[in-house]
Amino acid sequence: MSDDSEGASESREIVVPLRAYKAVTVFSTLLAIVCVILGFGFLDAATGGAGPLSVLFETIGVADAGGSVFTLVSALVGIGFIALGAGIYVLGTRFRTERMGKAQDDSGEGSDNE
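All of the points below concern the structure found in this document.

Thresholds, definitions, all that
- Residues numbered from 1 in each chain as written.
- Predicted model: local features only at pLDDT ≥ 70, side-chain atom pairs only at ≥ 80, totals over all residues.
- Heavy atoms only, no water.
- Axes fitted to C-alpha atoms, helices over the stretch in contact; angles between N-to-C directions.
- Helix = DSSP H or I, 4+ residues; strand = E, 2+ residues; numbered from the N terminus.
- Parallel < 35°, antiparallel > 145°, perpendicular 65-115°, else oblique.
- Left-handed = near helix turned anticlockwise from the far one by under 90°.
- Contact = heavy atoms within 4.5 Å.
- Nonpolar A, V, L, I, M, F, W, Y, C, P; charged D, E, K, R; others polar.
- Phe/Tyr/Trp six-rings, centres within 6.5 Å; stacked < 30°, edge-to-face > 60°.
- Buried < 20%, exposed > 50% of the residue type's maximum accessible area, 1.4 Å probe, protein only.

## Details of the packing of helix α2 (residues 18-46) against helix α3 (residues 52-60)
Each packed pair of helices is defined by two parameters, the angle between the axes and the distance between the axes.
Piece 1. Across the interface, α2 lies against α3 with an axial gap of 7 Å and an inter-helix angle of 55 degrees. In terms of axis orientation, α2 runs oblique to α3. At the point where α2 passes α3, the crossing takes the right-handed sense. Here L38, G41, F42, D44 and A45 of α2 come into contact with α3, specifically with L53, S54 and F57.
Piece 2. A breakdown of the residues in the contact of α2 with α3 according to their chemical character gives 5 nonpolar, 2 polar and 1 charged.

What follows is the structure in structure tokens.
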């Protein structure tokens, strides 16, 4: 079974040049952080907190219009943004360069696991 799991993890990794790896790492992490912050902002607006999105929605009159409908939609959008941020981060971690190896592969010691 270990042969199947090793092959599956290797096929999930994408080998790219160092310059592309740096760009993907930086921008995927940045986009993931922005999505998670927006998600928590929408959740804060759904609970009626005093965050920036709550103030913005009250200023334009959206928060008062629907009541429970606004709360439900805002909460679902917030959870969606958080899930999107997590997905972006996970996909961004799939990239590696040719010189990057796993710590297990780099050690010259044999494994006692049989």
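## Some thoughts on the packing of aromatic side chains
Piece 1. A full pass over the atoms with the stated rule returns 3 aromatic pairs.
Piece 2. For the pair F42 and F57, a centre-to-centre distance of 5.8 Å together with 45 degrees between the ring planes defines the contact as tilted. You can see F42 sitting in helix α2 and its partner F57 sitting in helix α3, a full 15 residues away along the chain.
Piece 3. With a relative accessible area of 17%, F42 lands in the buried category.
Piece 4. Consider the rings of F42 and F81, whose centres lie 5.8 Å apart with planes at 20 degrees: the pair is stacked. Of this pair, F42 sits in helix α2 while F81 sits in helix α5 (residues 68-92), and the two are 39 residues apart along the sequence.
Piece 5. Look at F81 and you get partly exposed, because its relative accessible area is 25%.
Piece 6. Of the aromatic side chains, those joined through ring pairs into one cluster are F42, F57, F70 and F81.

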